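Understanding the architecture of this molecule
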Amino acid sequence: MRTGGEPTLAVVGATGTVGAVLRGLLSERRDVWGEIRLLASPGSAGGKLPVRGEETEILPLHEENLDGVDVALFHLPDDAAAQWVPVAVARGAVVIDSSSVFRTEDDVPLVVPEINPHSARVRPRGIVASPDCTTLAMIGAVGALHSEWGLESLVLATYQAVSGSGRGGVDTLRSQLAEVAGTDLGTMPGDVRRAVSGTGPYPAPIALNVVPFAGTGAADGWTTDELAVRAETRKVLGLPHLPVSATCVRVPVVTGHSVAVHARFENEVTVPQAHEILAAAPGVVLCDAPGDGEFPTPADAVGTDPIWAGRVRRSLDDPRSLEFFVCGDNLRKGVALNSVQTAEIVASG
């Protein structure tokens, strides 16, 4: 970090959906920044967007606009991140990157501030990576329980919102909902598929349906999202050989990822102690009174910062295993908030 004055922050990808959330967070949180630059593709340059109560000009993503930047928050597609992150580092910035390009690199820390904030201070390549939004939907709760009991294995089923696919996913869901609304579709084989005009980024309709295939195809029938959750959980928790199995499912929810977690530990677990651990965990809110209708849902978690945890049960057949359900806003903690929190750690020196 440069010395003297408050650090300069660049938001790269400021005009996207995540960029809007990020600008809001920068306006809400304690102000540790001097200049904030908004960078986007040349086609978006020249306009203005609000940040910290001021209309700020959008600058084109050019090398000279990265000069003098101390910390850069990158929210770009993978190919653009691979091109521009090294440029920003070469110009002297520490980059907090939300793409998948650098997450599994051994010399790039993968940081969740509630779990491994110290890792953000060791960055030999000048890059700090942020996990995928699906990992961030559950890792805070899992990490807190691991610290107490010692995690041995994880089995996960995810319920991923369409906003995780970008604007195309949201537009697809909304258009399909309009096409099926007020009908009796969903009662015959293939009737929903025939009724919608297209499936957008998904291999099957998302309205009145769930799609058990999130990400793209990978080896042996797995998907990229499923392998990413496995690799990222291992890296963040420092458990390189942890058995992790995930089935990632896209569901007709606009914003808010959910995960059903089966976690096995080294030691016997109890629900009261799990409640204490989760209630005290930073960035986690315990919501677990199902008899009163209180449990996490994405409709309640959307727009909030924490991960919500509930439906906590000890496994019926294993006193060392715990079942629980978590929800989180995949655009806030799932991307923007984790990046901002990490940037604040970097700015603090």
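Predicted model only: the values in this text are computed from it and were never measured. (Residues numbered from 1 in each chain as written. Predicted model: local features only at pLDDT ≥ 70, side-chain atom pairs only at ≥ 80, totals over all residues. Heavy atoms only, no water.)

Secondary structure summary: the protein contains ten helices and 13 strands in total. Taking 2.2 N^0.38 as the reference for a compact globule, 349 residues should give roughly 20 Å; the C-alpha atoms of the protein span a radius of gyration of 21 Å, in line with that estimate. Each principal axis of the C-alpha atoms in the protein carries an extent, and together these give about 60 × 50 × 40 Å. Classification of the 349 residues of the protein by burial places 51% in the buried group. Nonlocal contacts in the protein, meaning residues at least 24 apart in sequence, comprise 67% of its contacts between residues at least 6 apart. As displayed, the protein offers around 14,900 Å² of accessible surface, 52% of which is attributable to carbon and sulfur atoms. Computed over 27 positive and 42 negative side-chain charges, the inter-centroid distance for the protein is 2 Å. (Helix = DSSP H or I, 4+ residues; strand = E, 2+ residues; numbered from the N terminus. Rg over C-alpha atoms; globule rule 2.2 N^0.38 Å. Buried < 20%, exposed > 50% of the residue type's maximum accessible area, 1.4 Å probe, protein only. Contact = heavy atoms within 4.5 Å. Areas by Shrake-Rupley, 256 points an atom, 1.4 Å probe, with all protein chains shown as cover. Lys, Arg positive; Asp, Glu negative; His and termini not counted. Charge placed at Lys NZ, Arg CZ, Asp CG, Glu CD.)

This model, assessed by the stated rule, comprises 16 salt bridges. Asp67 serves as the salt-bridge partner of Arg91, at 2.8 Å between the closest nitrogen and oxygen. Here Arg91 is found in the loop between α2 (78–90) and β6 (94–97), whereas its partner Asp67 is found in the loop between β4 (54–60) and β5 (71–74), with 24 residues between them in sequence. Relative accessible area serves as the criterion here: at 32%, Asp67 is assigned to the partly exposed category. Linked by salt bridges that have partners in common, Glu152, Arg264, Asp318 and Arg320 make up one network. (Salt bridge = Lys/Arg side-chain N within 4 Å of Asp/Glu carboxyl O.)

It is worth spelling out helix α1 (residues 17–28) at this point. Between its first and last C-alpha, α1 extends 17 Å over twelve residues, near the 16 Å set by a 1.5 Å rise per residue. Tucked inside the fold, the buried residues of α1 contact β1 (9–12), β2 (36–40), β3 (48–51), β5 and α10 (332–347). (Expected span 1.5 Å × (residues − 1).)

With that settled, consider the environment of Ala309. Along the chain, Ala309 turns up in strand β12 (residues 307–314). Residue Ala309 is classed as buried on the basis of its relative accessible area, which comes to 0%. For Ala309 and Leu278, which are 31 residues apart along the polypeptide, the C-alpha to C-alpha distance reads 7.5 Å.

Another aspect to go through is the packing of aromatic side chains. The full count for this structure, using the stated rule, is two aromatic pairs. Aromatic side chains Trp149 and Phe265 sit 5.4 Å apart centroid to centroid with 65° between the ring planes, which places their arrangement in the edge-to-face category. Of the two residues, Trp149 sits in helix α4 (residues 139–149) while Phe265 sits in strand β10 (residues 257–265), which places them 116 residues apart along the sequence. The exposure class of Trp149 is buried, given its relative accessible area of 3%. Overall, Phe265 belongs to the buried group, its relative accessible area being 0%. Centroid distance Tyr159 to Phe325: 6.0 Å. Interplanar angle 50°. Geometry classified as tilted. Taken together, the residues span a long stretch of sequence, with Tyr159 in strand β8 (residues 151–160) and Phe325 in strand β13 (residues 321–328) at a distance of 166 residues. The class of Tyr159 is partly exposed, set by a relative accessible area of 32%. (Phe/Tyr/Trp six-rings, centres within 6.5 Å; stacked < 30°, edge-to-face > 60°.)

Another point: unusual backbone geometry. The phi dihedral of Leu208 is positive, around 55°, even though this residue is not glycine. Counting through the fold element by element, Leu208 comes out in the loop between α6 (191–195) and α7 (224–237). Of note, Asp220 is a non-glycine position whose phi angle comes to about 60°, a positive value. Turning to its location among the elements, Asp220 is positioned in the loop between α6 and α7. Its relative accessible area of 75% is what places Asp220 among the exposed residues.

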